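Overview (structure and organization)
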Amino acid sequence: MKIGVIGSGTMGNGIAQVMADAGYDVVLCDVNKEALERAAKTINTNVGRLYKKQGKELAEATKVLARIEFTTELSPLKDADVVIEAIIEKMDVKKKVFQELDGLCEGKTIFASNTSGLSITELGASTDRADRVVGMHFFNPVPVMKLVEVIRGSDTSDDTYEVIIELVRSIGKESISIVDAPLFVVNRILVPFINEAIFVLGEGIASVEDIDKGMMLGANHPIGPLALADMVGLDTLLFVAETLLEETGDSKYRVPPLLRKHVRAGHLGRKSGRGFYQY
Ligand code: NAI
């Protein structure tokens, strides 16, 4: 099976790695040549580290990278069985790529999107193959996280869905099945949970450290909600929280003012050196 991956950033390079590691031929495509070079280095380092940890031959690790073709062109994706899109989270940009692929790829090719919450139904409707468009939502870091959410748009066919469920299984990951809805399942539950922790902080009920300690020791979470927010990036979290509120129009998803305030101040979490914690 030949797998195409579009976008070689945080998620795309991880997806290319796990696919090549499972033995698939992979084409990794990005408009940015430097992003592809960075992806090749990242994959090389990560596979090397992983194989060392697992006690596997390092010569085998180089074979993983050799199974990936790095390109700035879409044309090598023509005969792919599945193309997984992992470019920026903007509907119009994703639609443009899907329409271009629709004209280029053979009829058999399934288009999967790694979107965090944009509508799979809308993406599918922008092509002439809505039955072969599906959501495949990986989690960060891709080589470590076990879950892939598989999302069915209104017109996703049973055949498409089954091919993707089997693909997820074949790379050693677990799937959950979801009907297209804003933020799917994990983030739909996680975002209001993190938001609530920020409200609790904003209302002066407890300190950052005590809120996180409370959820770690009282609810057995491996990481506190505010530390997790800093990891995700507060700008990303704000964007996703706003999407959930807009899409549902439900005030229970209101965005905590303190989150907005931190983003406006440029305190974005780990990536900027300061969020709810100092780094
Ligand atoms: P990123 O910014 O790290 O990488 C995006 C890559 O796409 C960049 O290298 C960029 O050059 C490339 N790109 C942009 N437009 C393109 C085009 N038209 N054709 C080819 N390449 C193009 O982004 P990241 O974080 O990897 O996110 C990608 C997608 O995955 C988004 O939809 C995001 O919502 C989703 N996602 C992100 C997660 C995360 O934790 N970062 C988790 C799960 C999903």
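As the structure is a prediction and not an experimental result, all values here were calculated from the model. (Residues numbered from 1 in each chain as written. Predicted model: local features only at pLDDT ≥ 70, side-chain atom pairs only at ≥ 80, totals over all residues. Heavy atoms only, no water.)

1. With respect to the pattern of salt bridges
Per the stated rule, a full pass over the model turns up 14 salt bridges. Arg132 is the salt-bridge partner of Asp131, the closest N and O atoms lying 3.3 Å from each other. With relative accessibility at 21%, the residue Arg132 sits in the partly exposed group. In this structure, Glu166 engages Arg169 in a salt bridge whose closest nitrogen and oxygen atoms are separated by 2.6 Å. Here Glu166 pairs with Arg169, and both are found in helix H6 (residues 158–170), just three residues apart, close to one helical turn. The class of Arg169 is exposed, set by a relative accessible area of 51%. What you see here is one network of salt bridges that share partners, running through Asp81, Glu106 and Lys108. (Salt bridge = Lys/Arg side-chain N within 4 Å of Asp/Glu carboxyl O. Buried < 20%, exposed > 50% of the residue type's maximum accessible area, 1.4 Å probe, protein only. Helix = DSSP H or I, 4+ residues; strand = E, 2+ residues; numbered from the N terminus.)

2. Here's the deal with the site of the ligand
Contacts to the ligand come from 20 residues, most closely from Met11, Asp30, Glu89, Lys94 and Ser116. Taking Val31, its main chain carries an N or O atom lying 3.4 Å from a nitrogen atom of the ligand. For the ligand, whose unbound accessible area comes to 840 Å², protein coverage reaches 74%. Every element with two or more residues in the shell around the ligand is listed here: helix H1 (10–21), helix H4 (91–104) and strand S6 (133–138). Class assignment for the residues of the shell around the ligand results in eight nonpolar, nine polar and three charged. (Near = heavy atom within 4 Å. Polar contact = N/O pair within 3.5 Å; in protein donor to acceptor, adjacent residues only side chain to side chain. Areas by Shrake-Rupley, 256 points an atom, 1.4 Å probe, with all protein chains shown as cover. Nonpolar A, V, L, I, M, F, W, Y, C, P; charged D, E, K, R; others polar.)

3. Concerning the UniProt feature "domain: 3-hydroxyacyl-CoA dehydrogenase NAD binding" (unreviewed entry) in the protein
In the UniProt entry, the feature "domain: 3-hydroxyacyl-CoA dehydrogenase NAD binding" (unreviewed entry) is given for residues 2–180. The straight-line gap between the two end C-alpha atoms of residues 2–180 is 26 Å; of that span, 42% is helix and 22% is strand. (UniProt positions renumbered as here; feature names shortened; annotations may be inferred.)

4. Quick notes on the packing of H1 against helix H2 (residues 33–53)
Close contact between H1 and H2 brings their axes to 10 Å; oriented N to C, the two are set at 50 degrees. Relative to H2, H1 is oriented oblique. For the pair H1 and H2, the sense of crossing is right-handed. Contacts from Asn13, Ala16, Gln17 and Asp21 in H1 reach Ala39, Thr42, Ile43, Asn46, Val47, Leu50 and Tyr51 in H2. Residue composition of the contact of H1 with H2, grouped by class: six nonpolar, four polar and one charged. (Axes fitted to C-alpha atoms, helices over the stretch in contact; angles between N-to-C directions. Parallel < 35°, antiparallel > 145°, perpendicular 65-115°, else oblique. Left-handed = near helix turned anticlockwise from the far one by under 90°. Contact = heavy atoms within 4.5 Å.)

5. Let's talk about the UniProt feature "domain: 3-hydroxyacyl-CoA dehydrogenase C-terminal" (unreviewed entry) in the protein
According to UniProt, the feature "domain: 3-hydroxyacyl-CoA dehydrogenase C-terminal" (unreviewed entry) maps to residues 184–279 in the numbering used here. Span residues 184–279 is 61% helix and 0% strand, its end C-alpha atoms 31 Å apart.

6. Observations concerning helix H10 (residues 234–248)
Under the 1.5 Å per step criterion, the end-to-end length of H10 is 21 Å for 15 residues, consistent within 8% with the ideal 21 Å. Among the residues of H10, those classed as buried are Leu234, Leu237, Leu238, Val240, Ala241, Thr243 and Leu244. Packed against the buried residues of H10 are helix H7 (186–202), helix H9 (225–232) and helix H11 (257–264). Positive phi appears at Gly249, one or two residues downstream of H10, with a value of about 65 degrees. (Expected span 1.5 Å × (residues − 1).)

7. Describing the sheet that holds strand S1 (residues 2–6)
Taken in spatial order, the eight strands of this open sheet run S3-S2-S1-S4-S5-S6-S7-S8, and their pairing is mixed. Across the chains shown, the open sheet's two edge strands, defined by having one partner strand only, are strand S3 (68–71) and strand S8 (174–179). Taking each pair of neighbouring strands and ignoring which way they run, the sheet shows an average axis angle of 25 degrees. Bridge count for strand S7 (residues 147–152) against S8 is six bridges, and the pairing is parallel. Bridge assignment links Glu149 to a residue of S8, and that residue is Ile176. Across the sheet, H4 lies against S1, strand S4 (82–85), strand S5 (110–113) and S6, angled at about 165 degrees from S5, the strand it touches most. (Pairing = 2+ DSSP bridges.)

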